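Chain residues, written in single-letter form:
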Amino acid sequence: MKQQKSLQKNYYGYIFLAPFFITFLIFGLYPILYTLYLSFTKYDGFTEPVMVGIANYSRVFKDPLFYAALKNTVIMWLIGAIPQMIFAFLLAAIFHYTPIKGKGIYRAIYYVPRLVTAVSISALIKQFLNYPSGVVNQLLLQFGVIDSPINLLNEPIAAQTTVGIMHWWMFFGNTMVMVMAGMTGIPKDLYEAGKIDGASSWQMFWKITMPLLRPITLFVLLTSLIGGLQSFEVQQVLTGGLGAPQGSLVTVVMYMYNTGFRYGNFGYAGAIAYYLFAIIAVFSVGIMRNRMKDED
Amino acid sequence: MQKFKIKPAHVIMYIFLVVLLIICFFPFYAMIINATRTTGQILSGFSLIPGSAIARNIKELATKVDIGRAFGNSLLIAVGATLLSSYFSALTAYAFVVYNMKFKNALFAIVLVIMMIPPQLSIIGFYKFMKEISLLNSYLPLILPSIATASAVFFIRQYAKSALPSSLIEAARIDGASEFTIFNRMGLPLMSPAIFTMAITSFIASWNNYLTPLILMSEQKKFTLPLIIRVLSSDVQDPSVGAMYLAIAVSIIPILIVFFIFSRYIIDGVSAGGVKE
């Protein structure tokens, strides 16, 4: 009797899951499908949407501004992600293989930039980079690195590099923590065996650590790429929403935002959103596969 | 011999670590210092010593924006979102662990897919939808969606798989406790370490949220801190740099405090997100 009773309780599973799925249907799925519908219309935010078929999609396909934004986004991601990965692996290796005093404090402080409001960071850096009298110019002049103030946000490559460095600064600690977690999972006796065979620490890092870290390397790379493709806040605040100089800081999300909310072309913005989603989905499948494998 | 070989490498390593430490913390330090100096002092040169103009900067900031109100708005939204996300993520995770209903695996696969959906995908439709049901300039669209926080469900479920012994739940059922009572009295406490980690994460995420309030809010008195910072920052004519630094500090310092109290939990959460058992 008792056993049967507890089996009958399984329908409570649905009751407990209901708030989550109902909320997702209302605030998640419905807006996503609504965006899809709007992407097939011309909609200015005030008058009724008018169906235009796939016109928005074929327009994105040949839109040089969209590709320019995509290129900017990828360039800024690369400038930040390459040093981000190098620092993350280097630091994780240092903390994992050498007993460092105050390890927890280093780890925590490296992680801080990741948590702080990106908008505030960007506003702060914008003040620092202020031409001609921001903190960066003051320090560079004081130490004699430059003779006259420079305006980093006035030149496309310098501006993109600035954003890349900011992204590095914001995220290397986060990646480091994930890589460290991966290193903890490598059995110690593998290294013991390596030592007996006379391998140097350099050899052991490349022959044991890196191959075993492959899944986590893939994970942090894909996560970083997906995050990079969505980048928006830093560029928006640094440039007051314009993406200057010469549009070099316009990212895909900023282009979508401006198309919709600045120029009132919501249908086209919806199509841009779906293009971005298609690109991101390709990389997400990789992560999903990883996750699903663990479930077995 | 060995010792002499290792030492210089160690010195270089420590220098490297400390330099990085400074790079990570210096911007916040400079921010706090400049928040206490007058605009004139800030523009005339950099200093490592705090000034005495904080009261003046507060007054100057008050003439432009109501930062106290924005702080309150951000806090209200973040607390509301955190409470909803904590309770309902725990409830959802609990259901996936404790019950064996049909389609359980399919439903969980949906949670995994939801985790992967970029938030930008929905904003166009979300904006129009909220406009139609008159929820622009309301806090509800910023708080209620937290009921469905897929990443928190994923994290708490991982933890709950080993933290919820089915024998204990069975025993409570035999004692005649209702399913909701068992969840509230036994499930929540047993899962509390994971819930707590996710609560901190969710508070910070909500505090930092930018895109959603940006598209929904147009009345300045309802603005959250990031929106106020954006308004101040985009005003290029504004000459009061000291007040600007102060406003940025107000938005950043609470996060720094939360982090330094709870850093262990936050970093554990990040680690668990990356590794699989």
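Procedures and definitions
- Residues numbered from 1 in each chain as written.
- Chains lettered and ligands numbered in written order.
- Predicted model: local features only at pLDDT ≥ 70, side-chain atom pairs only at ≥ 80, totals over all residues.
- Helix = DSSP H or I, 4+ residues; strand = E, 2+ residues; numbered from the N terminus.
- Rg over C-alpha atoms; globule rule 2.2 N^0.38 Å.
- Contact = placed C-beta atoms within 7 Å.
- Core = buried A, V, L, I, M, F, W, Y, C linked by C-beta atoms within 7 Å.
- Buried ≥ 20, exposed ≤ 12 C-beta atoms within 10 Å, placed from the backbone.
- Expected span 1.5 Å × (residues − 1).
- Axes fitted to C-alpha atoms, helices over the stretch in contact; angles between N-to-C directions.
- Left-handed = near helix turned anticlockwise from the far one by under 90°.
- Nonpolar A, V, L, I, M, F, W, Y, C, P; charged D, E, K, R; others polar.
- pLDDT = per-residue confidence, 0-100.

A few words on the overall build of chain B. Assigned secondary structure in chain B consists of 13 helices and zero strands. For chain B, the N- to C-terminal ordering of α and β elements is α-α-α-α-α-α-α-α-α-α-α-α-α. What you see for chain B is a C-alpha radius of gyration of 24 Å, clearly larger than the 19 Å of a compact globule of 277 residues, by over 25%. Structurally, chain B occupies a C-alpha span of about 75 × 75 × 35 Å along its principal axes. Put simply, of all contacts in chain B between residues at least 6 apart along the chain, 79% involve residues at least 24 apart.

Helix and strand counts for chain A stand at 14 helices and two strands. For chain A, whose C-alpha radius of gyration is 24 Å, the value lies well above the compact-globule estimate of 19 Å for 296 residues. Put simply, of all contacts in chain A between residues at least 6 apart along the chain, 69% involve residues at least 24 apart.

Time to look at the interface of chain B and chain A. Put simply, an interface is often sized by how much accessible area is lost when its parts join up. At the junction of the two partners, chain B supplies 70 residues and chain A supplies 75 residues. With 14 residues, helix 13 (residues 241-274) of chain B is the largest single contributor of residues to the side of chain B that touches chain A.

Attention now goes to unusual backbone geometry. Residue and element names in this part refer to chain A. The amide bond that connects Tyr 131 to the next residue, Pro 132, takes the cis arrangement and shows omega of 5°. Looking at the secondary structure, you find Pro 132 in the loop between helix 6 (118-128) and helix 7 (135-142). Put simply, Ala 244 and Pro 245 share a cis peptide bond, and its omega is -5°. Counting through the fold element by element, Pro 245 comes out in the loop between helix 12 (233-238) and helix 13 (252-262).

Our focus in this paragraph is the nonpolar core. Across soluble globular proteins, you tend to see nonpolar side chains buried next to one another. In this structure, A:Val179, A:Ile272, B:Tyr94, B:Ile156, B:Ala247 and B:Ile248 are the most contacted members of the largest nonpolar core, which totals 159 residues. Here this core gets 15 residues from one element, more than from any other, and that element is helix 4 (residues 67-98) of chain B.

With 14 residues, helix 8 (residues 150-163) of chain B extends 20 Å from end C-alpha to end C-alpha; this agrees with the ideal 20 Å at 1.5 Å per step. If you check which residues of helix 8 of chain B are buried, you get B:Ala150, B:Ala152, B:Val153, B:Phe154, B:Phe155, B:Ile156, B:Arg157, B:Tyr159 and B:Ala160.

A word on the packing of helix 4 (residues 64-97) of chain A against helix 11 (residues 214-229) of chain A. Residue and element names in this part refer to chain A. Contact pair helix 4 / helix 11: the axes reach a minimum separation of 9 Å and the direction vectors enclose 145°. Considering how the two elements wind past one another, helix 4 and helix 11 form a crossing that is right-handed. Across the interface between the two elements, Thr 73, Trp 77, Ala 81 and Gln 84 from helix 4 touch Ser 224, Leu 225, Gly 228 and Leu 229 from helix 11. Residue composition of the contact of helix 4 with helix 11, by class: four nonpolar, four polar and no charged.

Let's shift gears to the confidence of the model for chain A. Caution applies to low-pLDDT parts of the model: their predicted coordinates are not meant to be read in detail. Predicted confidence across chain A gives a mean pLDDT of 91, with 96% of residues reaching 70 or more. Across chain A, helix 2 (residues 12-38) of chain A holds the top mean pLDDT of 97, while helix 1 (residues 2-8) of chain A sits lowest at 54.

Here we come to the environment of B:Ala106. Along the chain, B:Ala106 turns up in helix 5 (residues 104-116). Along the sequence, B:Ala106 and B:Phe46 sit 60 residues apart, while their C-alpha atoms lie 58 Å from each other.

Let's shift gears to the confidence of the model for chain B. Mean pLDDT for chain B: 91, with 96% of residues reaching 70 or above. Confidence metrics for the complex model read pTM 0.91 and ipTM 0.91.

Another point: the environment of A:Asp189. Assignment of secondary structure puts A:Asp189 in helix 9 (residues 188-196). With 57 residues separating them along the chain, A:Asp189 and A:Pro132 place their C-alpha atoms 58 Å apart.

Turning to the environment of A:Met76, a few remarks are in order. Residues and elements named next belong to chain A. For Met 76, the location among the structural elements is in helix 4. The exposure class assigned to Met 76 is buried, which follows from the 26 C-beta atoms found within 10 Å. Once the C-alpha coordinates of Met 76 and Leu 249 are considered, the two residues, 173 residues apart in sequence, prove to be 8.5 Å apart.

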